[in-house]
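As a plain string of letters, each chain reads:
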Amino acid sequence: MPYTRILVSGYWLLVTALCGCGSHHLYTGNRVLMGTFVEVSSPDRRAPAIVFDEIKRIEKLLSKYIDDSEVSRLNREGSLKASADTFYVVSKSKEFWQLSDGAFDITAAALVDLWGFTHKKYRLPGEDEIKEALKLVGSEKIVLDSQANVIEFSVPGMRIDLGAIAKGFALDCAVGKLKEAGIKSCLINAGGQVYGLGDNFGRPWKVALKSARGPGYKGSLELNGESVSTSGDYEQFFEQGSRRYSHIINPATGYPADSGVISVTVVAKEAIVADALSTAIFVAGREKGAAIAARFPGVRTEIIQEKNQ
Ligand code: AMP
Ligand code: MG
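Residues numbered from 1 in each chain as written. Chains lettered and ligands numbered in written order. Predicted model: local features only at pLDDT ≥ 70, side-chain atom pairs only at ≥ 80, totals over all residues. Heavy atoms only, no water.

A. Looking closely at the pattern of salt bridges. Per the stated rule, a full pass over the model turns up 15 salt bridges. For Glu132, the salt bridge identified is with Lys135, shortest N-O distance 2.7 Å. We classify Lys135 as partly exposed; its relative accessible area is 49%. With a shortest N-O distance of 3.9 Å, Glu180 and Lys177 are connected by a salt bridge. Of this pair, Glu180 and Lys177 both sit in helix α6 (residues 166-180), separated by 3 residues, roughly a single helical turn. (Salt bridge = Lys/Arg side-chain N within 4 Å of Asp/Glu carboxyl O. Buried < 20%, exposed > 50% of the residue type's maximum accessible area, 1.4 Å probe, protein only. Helix = DSSP H or I, 4+ residues; strand = E, 2+ residues; numbered from the N terminus.)

See the structure below:
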């Protein structure tokens, strides 16, 4: 069986290549959206455009890099009458915060900024700066009015960053649109967060997992109506001295997560769950992470530790 190999962050996607044999043709497309490469493969020629349009729509609501997105407006004004989608993602984020004992926290935004991850101008902040930023952290400070769809911050200056959940949500929305259009088969990869809808001409969509350190594969996964997400310290980080500082912050300390985990892979039916949970477990570490995962029936997880642990 011939394969097409697509390199993506954290993954090699093995897409069974049956192109050129008449009815077994995969239509593919790729585009930069949500700050990453989005790649789509489907036997239905309409799929790429449907996926791109939907992800673009969600990006316009949730991106902190787009000035007039709902998230940017909320971050500027401290209060927002939100669309149903934005309200849903923020409510879900609060749920994940609770279920992860605070490891997943979208209000870590102030710390993500402080450490320079927002604009890739990395720096080691001082203790007092971290202390100040921590005053703006804690999802209990997000007040939700579900009757009016209003989101409010209880502390001035605080902000949210949906970087750990927005791609997952966008994938779920895109899959919803595909289903509405009657499309039963599609593989979407959004920068290492992947969703496999249906199968690939009777064979499962296969995703091969690349090693977190060094070359080579560490295994492969089959996805049918499932999403896989990986959070790792190799995605975005900077090094100072002998230390590696990753873009995933521990909201309890204000420092980049330092749980001894180098990579977490989560497979779940909902991409939003896979996305949020992989980030949460990366922060919580192996033991606490496994306990958090157990609160989500049906998910599969793989946690990779530093070698000496
Ligand atoms: P992911 O790659 O899905 O694990 O998401 C990482 C991104 O989520 C970071 O680049 C930050 O924008 C944001 N983030 C960092 N730390 C946290 C945290 N503890 N909880 C939620 N989001 C976070
Ligand atoms: Mg995530």
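Having seen the model, we can carry on.
B. How the structure looks around the site of ligand 1. Neighbouring residues of ligand 1: 16 residues in total, closest Asp161, Ser231, His247, Ile249 and Thr279. Between ligand 1 and Asp161 there is a distance of 2.8 Å, counted from an oxygen atom to a side-chain nitrogen or oxygen. A distance of 2.7 Å separates an oxygen atom of ligand 1 from a polar atom in the side chain of Thr279. Isolated, ligand 1 exposes 500 Å² of accessible area, and the fraction of that covered by the protein chains is 92%. The site holding ligand 1 turns out to be the largest pocket. With 3 residues, the single largest contributor to the shell around ligand 1 is helix α7 (residues 271-284). Within the shell around ligand 1, the residues separate by chemical class into 8 nonpolar, 4 polar and 4 charged. (Near = heavy atom within 4 Å. Polar contact = N/O pair within 3.5 Å; in protein donor to acceptor, adjacent residues only side chain to side chain. Areas by Shrake-Rupley, 256 points an atom, 1.4 Å probe, with all protein chains shown as cover. 1 Å grid on protein atoms, 1.4 Å probe; cavity = no way out; pocket = protein on both sides within 12 Å on 5 of 7 lines; lining within 4 Å. Sits in = over half its atoms within 2 Å of the grid points. Nonpolar A, V, L, I, M, F, W, Y, C, P; charged D, E, K, R; others polar.)

C. Summary view of the pairing of strand β3 (residues 27-33). Summarising the sheet, β3 and strand β4 (residues 36-42) pair through 7 bridges and their orientation is antiparallel. When the sheet's bridge partners are listed, Val32 is paired in β4 with Phe37. Two successive antiparallel strands, β3 and β4, enclose a turn made up of 2 residues, where Met34 displays a positive phi of approximately 50°. (Pairing = 2+ DSSP bridges.)

D. Fine view of the state of the cysteines. Inspection of every chain in the model, using the stated rule, returns 0 disulfides. Cys173 takes part in no disulfide bond, and the closest cysteine sulfur, belonging to Cys186, lies 15 Å away. The buried category is assigned to Cys173, whose relative accessible area is 14%. (Disulfide = S-S within 2.5 Å.)

E. Structural context of the packing of aromatic side chains. On inspection of all chains with the given rule, the structure shows 9 aromatic pairs. Ring centres of Tyr88 and Phe169 lie 5.7 Å apart, and the angle between their planes is 35°; this geometry places the pair in the tilted category. Taken together, the residues span a long stretch of sequence, with Tyr88 in helix α3 (residues 84-99) and Phe169 in helix α6 at a distance of 81 residues. A relative accessible area of 35% places Tyr88 in the partly exposed class. For the ring pair Phe117 and Phe238, a centre distance of 5.8 Å and an interplane angle of 45° mean the geometry is tilted. Separated by 121 residues along the polypeptide, Phe117 in the loop between α4 (109-114) and α5 (127-134) and Phe238 in strand β13 (residues 237-240) bring together distant segments of the chain. Given the relative accessible area of 3%, Phe117 is considered buried. A relative accessible area of 7% places Phe238 in the buried class. Put simply, the rings of Trp115, Phe117, Tyr122, Phe238, Tyr245 and Tyr255 touch in pairs and so form one group of aromatic residues. Stacked on the ring of Phe237, the Lys or Arg Arg244 has its end atom at 4.0 Å from the ring centre. (Phe/Tyr/Trp six-rings, centres within 6.5 Å; stacked < 30°, edge-to-face > 60°. Lys NZ or Arg CZ within 6 Å of the ring centre and 35° of its normal.)

Interpretation note: all reported values are geometric properties and have no functional meaning in isolation.
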